[in-house]
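# Examination of the molecular architecture
Residues per chain, in single letters:
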Amino acid sequence: MTLTSGDHLTLTCARHPAGAGRAPYGYRPSLRPDRAGLEPDPYTAPVVRRIFREYVSGSGLQSIAERLTACGIPRPSAYDPRRNPHHRGSAWSKQAVRAIITNSRYAGEHMALDHLEGCSGCGGLCTMQPTPPLIPPALYRDVQDILAQRGRGGSARGRAQAAEPPAEPPAEPVRAGSRYLLRGRLRCGLCERLMQGTRNNGAPYYRCRFPREYARANGLTHPVNVYVREDRVVEPLWQWLPRSLRSTVRESAARQPQRTVNRLLERVGRLRALMEWAEADDVARAELLNALRLRLVYEDGDRTVRVSAEVLHGLPVHGVLTL
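On a predicted model such as this, the values are computed, not experimentally measured, just so you know. (Residues numbered from 1 in each chain as written. Predicted model: local features only at pLDDT ≥ 70, side-chain atom pairs only at ≥ 80, totals over all residues. Heavy atoms only, no water.)

## Here we look at the overall build of the protein
Counting its regular elements, the protein contains 10 helices and 11 strands. Among the 323 residues that make up the protein, the fraction classed as buried is 45%. Taking all contacts inside the protein whose residues are at least 6 apart in sequence as the whole, residues at least 24 apart take part in 56%. (Helix = DSSP H or I, 4+ residues; strand = E, 2+ residues; numbered from the N terminus. Buried < 20%, exposed > 50% of the residue type's maximum accessible area, 1.4 Å probe, protein only. Contact = heavy atoms within 4.5 Å.)

Structure representation (structure tokens):
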């Protein structure tokens, strides 16, 4: 058994990988020499309990995240940078709070480890002990019931407090004039988070809401709200797509095998047909963007959008739109 230096968050055994892995937030590998397994982390276990208590008391995911950030409590990836090394800053997100309250391990489920005896890989310490739960199972069930009710919009209070979309929001039903075409595809260039669809005077917009305490915790200069109107992005995007397809064909014809060029021409022909259909049909527009694996990043400072698409697998296309 080895412990990482500093945070003591990883348990490994050369012979029994079932006893190996990363401890969930709120736990750490046991520091006792006579047992292996997990035990509550004295610093993060109280945070887990607090999150469950606040949610069952009526707080929403966003309000919990903002209070944790305001109290200076590092989010899981900041407490243990090895968890998600690509994440910056210490501010909590509602997705991090949601991941905790939906993890049944904290109620003791899926945490009973098999007894592994006679291990020579770690000096015989692989007799795994049951992991103590951080919260009562009844509290976990209450939280799941509230989460399900709020997801259905069960009460006025639930709708007001908890209508908070996940990191990758599901596609909405297609209705003329109501679909957020770029939902799940457009990120804020300042914080790299997905921008959420909203409406202003009946027009679709995308917004990145970033509370001031989040900006301080992440060391960012970020307005509280960043907005961009959907048609300001879509119009130059439709102009850019045909040009990018033509240039991709020209460049690929000179440096790709003929078999790949033939596949590319066939693919571009289907995309062009879809583009013609998409001029008057929202469903076709969405199918086109899905087919291209389109990803957009909005830069509020210079009012540009960075575009990334994929015409063929392994054949990316990049560009910049000026709004």
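## Quick notes on the pairing of strand β7 (residues 203–209)
Across the 7 residues that make up β7, a large majority, 5, are buried. Two strands pair when backbone bridges link them, and strand β6 (residues 196–200) and β7 are joined in this way by 5 bridges, in the antiparallel orientation. Its bridge partner being in β7, Gly 197 is matched across the sheet by Tyr 206. Remark: 2 residues form the turn of the hairpin made by β6 and β7, two consecutive strands paired antiparallel; Asn 201 in that turn has positive phi of roughly 55°. (Pairing = 2+ DSSP bridges.)

## What about the sheet that holds strand β8 (residues 225–229)?
Spatial strand order, β6-β7-β8: 3 strands in an open sheet with antiparallel pairing. The outermost strands of the open sheet, each flanked by one partner alone, are β6 and β8. Across this sheet, the average inter-strand angle for adjacent strands is 40°, counted without regard to direction. As paired elements, β7 and β8 share 5 bridges and run antiparallel to each other. Bridge assignment links Tyr 206 to a residue of β8, and that residue is Val 228. (Axes fitted to C-alpha atoms, helices over the stretch in contact; angles between N-to-C directions.)

## Here we look at helix α2 (residues 61–70)
Two residues of an α-helix separated by three or four positions point the same way, owing to the 3.6 residues in each turn. Most of α2 is tucked away, with 7 of its 10 residues classed as buried. Among the residues of α2, those classed as buried are Leu 61, Gln 62, Ile 64, Ala 65, Glu 66, Leu 68 and Thr 69. Immediately beyond the C-terminal end of α2, within one or two residues, lies Gly 72, with a positive phi of roughly 75°.

## A few points about the pattern of salt bridges
Applying the stated criterion to the full structure yields 8 salt bridges. The residue Arg 28 makes a salt bridge to Glu 39 at a minimum N-O spacing of 2.9 Å. Taken as a pair, Arg 28 in strand β3 (residues 27–29) and Glu 39 in strand β4 (residues 38–40) lie far apart in primary sequence, 11 residues in all. Here Arg 28 falls in the buried class, since its relative accessible area comes to 19%. A residue is classified by how much of its surface remains accessible, and Glu 39, at 15% relative accessible area, is buried. Residues Arg 293 and Glu 310 are paired through a salt bridge, measuring 3.4 Å at the closest nitrogen-oxygen approach. Of this pair, Arg 293 sits in the loop between α10 (282–291) and β9 (295–299) while Glu 310 sits in strand β10 (residues 304–312), and the two are 17 residues apart along the sequence. (Salt bridge = Lys/Arg side-chain N within 4 Å of Asp/Glu carboxyl O.)

## Let's talk about the sheet that holds β9
Strand order in the open sheet made by the 4 strands is β5-β9-β10-β11, with mixed pairing throughout. Two strands bound the open sheet, and with one partner strand each, they are β5 (186–188) and β11 (315–322). On average, each strand axis in the sheet is tilted by 20° relative to the strand beside it, whichever way the strands run. As defined by bridge partners, β5 adjoins β9 across 3 bridges and the pair is classed as parallel. From the neighbouring strand, Cys 188 faces β9, where its bridge partner is Tyr 298.

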